[in-house]
Amino acid sequence: DNTTAIKRKAAVIIENMAKLVDNPLDAAPFLPSLLPGLEKVANEVADPECRSVAARAAKELNRVANEGQTVPPKKADLAVVAAALKELIAARNPSVAGDAVFAATLSYVASLSATLQDTKIFDFDEWNGVAVTPYLATFMGEEDAEAVTRAYLARAVEEAEREAAANAPIEE
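A few points on the structure. (Residues numbered from 1 in each chain as written. Predicted model: local features only at pLDDT ≥ 70, side-chain atom pairs only at ≥ 80, totals over all residues. Heavy atoms only, no water.)

## Focus: helix 8 (residues 124–131)
In step 1: Residues of helix 8 that are buried include every one of Phe124, Trp127, Asn128 and Ala131, and no others. Viewed end-on, helix 8 has its buried residues packed into an arc of 135 degrees, placing them on one side of the element. Turned more than 90 degrees away from the buried face of helix 8 sit Asp125 and Val130, all of them exposed. (Buried < 20%, exposed > 50% of the residue type's maximum accessible area, 1.4 Å probe, protein only. Helix = DSSP H or I, 4+ residues; strand = E, 2+ residues; numbered from the N terminus. Arc of directions from axis to C-beta.)

Structure (structure tokens):
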């Protein structure tokens, strides 16, 4: 049956991709979509080989899911991120920090920054090129915007390192 072969191939692909997952949190959004389908195939398909492949894939996905539950991700607090950015901006350009029009941009930049922190993206080019600096530069100039981006990124990296050290297993 052609559909059985497709289901088997899909299960093989899912299993192989699950084995390649470095960070279980990366796979978490896909688990609710994949697991029920795999379990259904593992229990209902007539072909025993297809059932066993689907069961192996489901087992691998469950392993990834269980690893992802051990350490819940810490989310950056949007209000804290916005306050830190506002403080850095005020130090370089006080008039911008109090601007009502800038407040909406600051809120957006804070949400972008928090998302980058949450996903552990600390590449300066990401922050500077597309996420933070272009929005700030509209209000405060390219040089000041880049300086604020660098300063906040340094804080974010430091915070991530502290968090990683606190969550690191203790070697005896």
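## A look at the nonpolar core
In step 1: In this structure, Leu85, Ile89, Leu136 and Tyr152 are the most contacted members of the largest nonpolar core, which totals 27 residues.
In step 2: Secondary-structure elements contributing two or more residues to this core are helix 5 (78–92), helix 6 (94–97), helix 7 (100–118), helix 8, helix 9 (133–140) and helix 10 (142–167).
In step 3: Contact partners of Ile89, with chain neighbours within four places excluded, come to Pro94, Val96, Ala97, Phe102, Leu106, Leu136, Met140 and Val148.
In step 4: Ranked by size, the runner-up nonpolar core spans 18 residues in total, among them Ala11, Leu31, Val41 and Cys50. (Core = buried A, V, L, I, M, F, W, Y, C linked by side-chain atoms within 4.5 Å. Contact = heavy atoms within 4.5 Å.)

## A word on the packing of helix 5 against helix 7
In step 1: At a minimum axis distance of 9 Å, the contact between helix 5 and helix 7 shows a crossing angle of 120 degrees. Here helix 5 is positioned oblique relative to helix 7, judged by the angle of their axes. In this structure, the crossing between helix 5 and helix 7 has a hand that is right-handed. Here Leu78, Val81, Ala82, Leu85, Lys86 and Ile89 of helix 5 come into contact with helix 7, specifically with Phe102, Leu106, Val109, Ala110, Ser111, Ser113, Ala114 and Gln117.
In step 2: Of the residues in the contact of helix 5 with helix 7, the class split is 10 nonpolar, 3 polar and 1 charged. (Axes fitted to C-alpha atoms, helices over the stretch in contact; angles between N-to-C directions. Parallel < 35°, antiparallel > 145°, perpendicular 65-115°, else oblique. Left-handed = near helix turned anticlockwise from the far one by under 90°. Nonpolar A, V, L, I, M, F, W, Y, C, P; charged D, E, K, R; others polar.)

## Regarding empty space enclosed by the protein
In step 1: Enumeration according to the criterion identifies 1 cavity of 30 Å³ or more in this entry.
In step 2: What the largest cavity holds in volume is close to 90 Å³.
In step 3: Taken together, Lys74, Lys75, Ala76, Gln117, Asp118, Lys120, Phe122, Ala156, Glu159, Ala160 and Glu163 make up the full set of residues lining the largest cavity.
In step 4: For the lining of the largest cavity, the elements supplying multiple residues, two or more each, are helix 7 and helix 10.
In step 5: The greatest single-element share of the lining of the largest cavity, amounting to 4 residues, is contributed by helix 10. (1 Å grid on protein atoms, 1.4 Å probe; cavity = no way out; pocket = protein on both sides within 12 Å on 5 of 7 lines; lining within 4 Å. Points joined across faces, edges and corners; volume = space filled by probe spheres on them.)

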